[in-house]
Amino acid sequence: AAARGCGGVWRRAWQRGAGGPAPAPRGQRAVACNARGGAVPAGKSGLAPWVPVVGLEIHAQISSNSKLFSGSQVQFAAAPNSLVSFFDASLPGTLPVLNRRCVEAAVMTGLALNCSINKRSLFDRKHYFYADLPAGYQITQQRVPIAVNGSLSYSLCIDNKMSQMVTKTVRIKQIQLEQDSGKSLHDDTRNQTLVDLNRAGVGLMEVVMEPDMCCGEEAAAAVRELQLILQTLGSSQAVMAEGQLRVDANVSVHHPGEHYGVRTEVKNINSLRFLAKAVDYEIQRQIEELENGGTILNETRAFDSKLGCTVPMRDKEGKQDYRFMPEPNLPPLILYDAKSLPANMNHQQVVNIDWIHERLPDLPSVKRAKLVERYGILPEHSFTLLNEDGLTEFFENVVKQTQMKPKKVIGWILNDLLSYLKQHSLTVKESPVSSFLLADLLNLLEKKEISSTAAKQVLAELWKGEGKTPFEIVKEKKLELIQDQKELEQICQAVIDGQENEVIMMVLG
Amino acid sequence: AALKGGLRFQVSAALKEGRVTPTELCQRCLSLIKSTKFLNAYITVAEETALKQAEESETRYRRGQPLGVLDGIPIAVKDNFNTAGIETTCASNMLKGYISPYNATVVQKLLDQGAVLLGKTNLDEFAMGSGSTDGVFGPVRNPWSYSRQYKEKSVPKSRSEDEESNWVITGGSSGGSAAAVSSFTCFAALGSDTGGSTRNPAAHCGVVGLKPTYGLISRHGLIPLVNSMDVPGILTRCVDDAAVVLGSLAGHDPKDSTTIQDNFKPFELPNLTDVSKLSIGIPKEYHAPGLSSEILALWSKAADLFKNAGAKVVEVSLPHTRYSIVCYHVLCTAEVASNMARFDGLEYGHRSDMNKSTESMYAATRREGFNDVVRGRILSGNYFLLKQNYENYFIKAQKVRRLIANDFVKVFGSGVDILLTPTTLSDAVPYMEFIKEDNRTRSAQDDILTQAANMAGLPAINVPTGLSERGLPVGLQFIGRSFQEKQLLTVAKWFEKQVKFPMIQLEVKRHDHSTFQHQKSAFFS
């Protein structure tokens with residue numbers, strides 16, 4: 001049944017017209033998104049409309065030198081099994097020792113997401129047999145997680161128009177600390193499984209978002225904002241492509257006024273684009289399934305990025321009973337605040353919530369507000385600035401080195417620099433034009449030494465990265481604006497002289 | 001001889017004075033291990049490394065720089081502690097041939113203080129049992145089976161077949177360590193104590209068995225049975241020796257987050273002369289069904305001993321004691337199910353040849369690697385942890401555990417210093433008798449007087465008290481307040497001095513068929 005959706009018509013809007021399958025117009029889809037909790041018009045059955053519900057579970061790998069419970073190093077793409085301690089390999093008799101840095105990262109993240117931090121949280125064992133889980137259980141926080149009841153505000157634009165941004169909020173149910181698993185590599189031709197334990201035991205923060213979203217775009221925007229926050233805090237590098245940020249989406253649909261429908265969990269989503277696609281596909285699949293008289297199974301599905309659809313995952317062990325149990329080798333995790341901190345306590349041994357709170361960096365939302373205020377740019381521009389790694393710094397550096405008003409600079413940054421970088425798949429850091437060169441160019445423009453058209457020509461030359469300054473290019477290409485009245489008159493006269501016939505025609509009208 | 005400031009390993013004085021060298025001592029122990037091989041106390045004898053360690057110790061003594069009281073002292077370690085370079089089997093097929101890359105913290109501490117590690121002692125598979133009869137290397141025989149005392153009283157017609165069928169068990173699960181200390185093959189041994197596994201065999205083998213407070217000694221490197229109850233145990237011939245070993249092992253370990261943060265100060269035990277300020281509690285619930293009249297009598301006698309010496313002796317109640325063993329069973333099996341999950345044949349240990357699928361390999365590995373007892377506990381533990389059962393079993397058992405612990409808090413809060421109880425219901429039974437009941441039944445019976453201390457995390461010690469009518473050792477248990485080991489051991493030492501437990505008169509047939517009899521010597525006291 002899953003293959004059905006993967007063909008030519010895999011992506012139909014869930015607010016289809018009577019005409020049946022048709023590619024989803026982006027605008028219409030966005031309309032559905034914007035009406036949060038709002039109903040989506042019914043399909044061909046003509047019954048009540050559908051309300052999609054999307055919740056997310058996000059695993060963020062903690063950026064730390066060593067693992068959550070052992071001293072092994074954390075490093076991406078190291079030689080297989082080169083970062084494995086006795087504990088990571090679950091050698092008998094080894095015990096977990098909690099890494100303070102991971103606790104601090106979780107507290108920081110919790111505070112940034114407006115959570116209440118539990119001053120006493122607990123660790124539990126979650127049991128299942130899998131080759132990349134050497135102990136046969138994962139240490140997690142099932143009963144009392146480190147942070148609960150938070151919220152995340154994120155913005156997205158209506159109708160894909162940057163000028164129409166709306167801000168939404170998703171509730172954060174909890175953040176829990178837990179161990180990452182190793183990696184299994186299945187070699188089907190030789191019928192063997194290879195296990196790499198480098199990742200086993202790396203600290204994870206599982207961020208559980210309440211089902212407050214209703215489409216892929218919202219889900220992607222929420223995750224993007226979370227990603228920015230984590231990167232700002234430094235609590236996670238949150239690079240999806242490196243698996244530092246992994247998203248599972250819980251999706252269901254129901255009619256307004258009815259209970260939530262049966263939900264499916266979509267896994268294996270490794271980019272924001274795929275997240276939006278996977279969620280939208282799954283919503284549409286469920287609506288179709290239900291409208292065709294089918295039922296939704298409470299199952300785990302994987303997103304196949306090549307086919308652009310979700311497929312049921314083979315669940316070998318059937319319904320899992322994780323047989324949760326308190327982790328007996330770790331005492332309750334106790335955190336302090338300024339009030340509860342005992343006077344004689346060694347500061348190296350405790351985590352002080354207030355101390356961390358005072359040292360939180362500006363979060364993306366604050367950074368954006370400051371950009372708008374300081375430079376008078378539009379709010380949507382501040383989003384774009386923050387969305388690209390290093391772009392804000394680039395912008396601010398240009399502003400510092402030029403007399404041009406920031407409001408004008410932003411146009412050059414967003415329309416010229418950014419679109420060039422996007423076209424060539426470059427990051428801001430890889431830009432062939434430095435902030436210094438761009439500022440130089442904009443100064444020429446600002447001093448009216450060149451026209452705006454000429455400036456674009458110069459920029460086109462600068463992209464080539466031949467090491468010339470804007471001034472040199474202007475000279476070389478003779479692109480200066482002419483300020484001398486007589487010289488201008490002479491040029492005009494020369495033009496007129498050369499076009500005698502046209503002049504006569506004009507004079508005659 | 002050198003008894004200044006308490007006994008503290010008499011042999012240590014001999015070493016210091018040069019009356020014996022560490023190598024001589026080590027060789028003597030090794031040869032005793034050989035001549036008592038039939039006891040099956042050791043799984044692995046690390047002769048080569050032991051002699052090397054003895055040699056190093058000898059050098060230190062020659063330079064006049066021994067590392068301390070334990071330097072050159074031959075010790076044995078239960079085979080569920082990791083020892084780098086020496087096999088660690090847990091008496092299981094699952095870990096046969098497994099050589100750990102690291103030392104348990106307690107092993108490392110002993111080695112750091114110059115102790116000579118003779119080998120690894122026998123146990124019930126993964127310490128699950130109360131007889132030391134259920135390990136893959138066969139049962140341990142109680143040295144007292146071969147004592148003149150037992151033979152005289154129990155085997156009048158000393159025919160060899162009778163001897164063969166009459167040998168008694170050591171108790172367990174640290175039976176190998178108890179037998180090793182009892183038969184003079186080492187001076188101290190490490191056991192582990194989860195429900196009584198150190199105190200029970202200590203009682204049956206006539207040695208001191210100390211279970212310290214939970215959290216006082218690191219468990220890092222002890223292959224766990226029940227993490228929330230396991231404690232490394234200490235088996236010695238006298239209370240003073242136990243205090244020395246305790247002093248060398250106790251204290252915070254960064255590798256075990258459940259150890260106390262405070263530094264532990266080793267202590268010497270004073271010779272108590274006045275017990276009049278002591279309050280000894282006699283918990284009435286320990287008058288358990290099945291308690292032999294002999295032990296009951298000995299218990300009363302001991303209470304009288306304190307009373308006559310001026311101590312206050314009061315009957316106390318620990319009302320939840322009778323729920324303890326059932327509660328223990330639920331908590332124990334649940335943790336066992338969890339702890340054993342790692343033995344899947346992938347990273348280490350036994351791996352089945354079955355290769356149809358990963359799952360079938362897991363199943364076959366675990367079927368081949370674990371005995372019935374271990375598999376049974378894994379099964380029931382997983383049952384208790386199932387979502388639909390968790391509340392009814394595990395959570396309830398945890399609540400009962402709290403009630404049991406509170407019983408002790410109340411009693412100690414009422415002014416009682418130390419509790420005095422029997423350690424076992426009876427003296428050791430013959431092996432043939434013991435195996436008539438299954439492991440589960442035996443453990444439930446045998447742990448009944450000891451496991452409450454584990455539930456509450458309290459320190460407890462078995463002190464050998466006397467011989468039964470059959471000429472076998474009987475011990476009594478003292479239970480103290482949390483982290484009050486000094487008080488507990490001081491009282492135990494006073495008691496030890498009063499009861500004058502007799503020396504084992506071991507009659508061991510050597511290869512030349514002559515009878516070798518241990519003599520009480522300065523070294524083996």
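Quick caveat: nothing in here was measured; it's all calculated off a predicted structure.

Rules behind the numbers
- Residues numbered from 1 in each chain as written.
- Chains lettered and ligands numbered in written order.
- Predicted model: local features only at pLDDT ≥ 70, side-chain atom pairs only at ≥ 80, totals over all residues.
- Heavy atoms only, no water.
- Helix = DSSP H or I, 4+ residues; strand = E, 2+ residues; numbered from the N terminus.
- Rg over C-alpha atoms; globule rule 2.2 N^0.38 Å.
- Buried < 20%, exposed > 50% of the residue type's maximum accessible area, 1.4 Å probe, protein only.
- Lys, Arg positive; Asp, Glu negative; His and termini not counted.
- Charge placed at Lys NZ, Arg CZ, Asp CG, Glu CD.
- Contact = heavy atoms within 4.5 Å.
- Buried area = accessible area lost by both parts, 1.4 Å probe.
- Salt bridge = Lys/Arg side-chain N within 4 Å of Asp/Glu carboxyl O.
- Polar contact = N/O pair within 3.5 Å; in protein donor to acceptor, adjacent residues only side chain to side chain.
- Nonpolar A, V, L, I, M, F, W, Y, C, P; charged D, E, K, R; others polar.
- Patch = residues over 30% accessible without salt bridge, like charges linked within 9 Å, V, L, I, M, F, W, Y side chains within 5 Å.
- Areas by Shrake-Rupley, 256 points an atom, 1.4 Å probe, with all protein chains shown as cover.
- Phe/Tyr/Trp six-rings, centres within 6.5 Å; stacked < 30°, edge-to-face > 60°.
- Core = buried A, V, L, I, M, F, W, Y, C linked by side-chain atoms within 4.5 Å.
- Expected span 1.5 Å × (residues − 1).
- pLDDT = per-residue confidence, 0-100.
- Axes fitted to C-alpha atoms, helices over the stretch in contact; angles between N-to-C directions.
- Parallel < 35°, antiparallel > 145°, perpendicular 65-115°, else oblique.
- 1 Å grid on protein atoms, 1.4 Å probe; cavity = no way out; pocket = protein on both sides within 12 Å on 5 of 7 lines; lining within 4 Å.
- Points joined across faces, edges and corners; volume = space filled by probe spheres on them.

Quick notes on the overall build of chain B
- Scanning chain B from terminus to terminus reveals 18 helices and 13 strands.
- Taking 24 Å as the expected radius of gyration for a compact globule of 525 residues, we find that chain B reaches 22 Å, a close match to that expectation.
- If one aligns the C-alpha atoms of chain B with their principal axes, the spans along those axes are about 65 × 55 × 55 Å.
- For chain B, the proportion of its 525 residues judged to be buried stands at 63%.
- Looking at chain B, you have 58 positive and 53 negative side-chain charges, and the mean spots of the two groups are 3 Å apart.

Some thoughts on the interface of chain B and chain A
- Between chain B and chain A, the residue contacts involve 42 residues of the former and 31 residues of the latter.
- Overall, the association of chain B and chain A removes approximately 2800 Å² of surface from exposure, summing both partners, and the carbon and sulfur fraction of that is 57%.
- Contact with chain A buries surface across chain B, with S257, R342 and E347 of chain B losing the most and accounting together for 20% of the total.
- If you look at where chain B meets chain A, you find 0 salt bridges.
- In this assembly, chain B and chain A are joined by 18 residue pairs in polar contact (both at pLDDT 80 or more).
- Of all the secondary structure elements, the ones that give two or more residues to the side of chain B that touches chain A are helix 11 (321-339), helix 12 (358-369), helix 13 (372-385) and helix 14 (387-413) of chain B.
- The leading source of residues in the side of chain B that touches chain A is helix 14 of chain B, at 5 residues.
- For the side of chain B that touches chain A, the per-class residue count stands at 19 nonpolar, 13 polar and 10 charged.

Thoughts on a nonpolar patch on the surface
- Taken together, the side chains of I482, L488, I491 and V495 of chain A present a nonpolar region at the surface, about 300 Å² in accessible area.
- As for its placement among the helices and strands, V495 of chain A is situated in helix 13 (residues 485-498).

Observations concerning the packing of aromatic side chains
All names here are of chain B.
- Going through the model one piece at a time under the given rule, you end up with 26 aromatic pairs over all chains.
- Taken together, a centroid distance of 5.9 Å and an interplanar angle of 5° make the contact between F306 and F495 stacked. With F306 in helix 10 (residues 293-308) and F495 in helix 18 (residues 485-499), this pair connects stretches of sequence that are 189 residues apart. Assigned by exposure class, F306 and F495 land together as buried.
- A centroid spacing of 5.8 Å and a plane angle of 65° characterise the contact between Y383 and Y393, whose relative ring orientation is edge-to-face. Note that Y383 is positioned in helix 13 and Y393 in helix 14, a separation of 10 residues in sequence.

Section: the nonpolar core
- Core analysis: the largest hydrophobic core is formed by 145 residues, its most contacted members being F126, L246, F306, F408, L420 and F478 of chain B.
- Residues in contact with F408 of chain B, not counting those within four places in the same chain, are Y286, L318, L419, A452, A456, L458 and I479 of chain B.
- Judged by nonpolar contacts, the second largest core, of 71 residues, contains A60, I62, C102 and L111 of chain A.

Some remarks on helix 18 of chain B
- Taking 1.5 Å as the rise per residue, helix 18 of chain B with 15 residues should run 21 Å; its terminal C-alpha atoms sit 21 Å apart, in good agreement.
- One or two positions beyond helix 18 of chain B, positive phi appears at K500 of chain B, with a value near 45°.

Brief notes about the confidence of the model for chain B
Residue and element names in this part refer to chain B.
- Put simply, chain B has an average pLDDT of 92, and 94% of its residues get 70 or more.
- Every residue in residues 1-7 scores below 50 in pLDDT, and together they form 9 contacts with partners more than four places removed in sequence or on other chains.
- Scored by ipTM, the complex comes to 0.94, with pTM at 0.90.

Some details on the packing of helix 10 of chain B against helix 18 of chain B
Residue and element names in this part refer to chain B.
- One can describe the packing of helix 10 onto helix 18 by two numbers: an axis separation of 11 Å at closest approach and a directional angle of 105°. The orientation of helix 10 relative to helix 18 falls into the category roughly perpendicular. Here helix 10 contributes A302, L305 and F306 to the contact with helix 18, which in turn contributes V491, W494, F495, Q498 and V499.
- Partitioned by chemical class, the residues of the contact of helix 10 with helix 18 number 7 nonpolar, 1 polar and no charged.

Things to note about empty space enclosed by the protein
- One pass over the full model with this rule turns up 7 cavities of 30 Å³ or more.
- By volume, the largest cavity is sized at about 200 Å³.
- Taken together, 21 residues line the largest cavity, and the ones lying closest to its centre are F87, D88, A135, Y137 and Q179 of chain A.
- Here the lining of the largest cavity is composed, by residue class, of 8 nonpolar, 7 polar and 6 charged.
- The calculated volume of the second largest cavity comes to roughly 60 Å³.
- Taken together, A127, G129, G172, T194, G195, G196, S197, L225, Y328, R377 and D447 of chain B form the lining of the second largest cavity.

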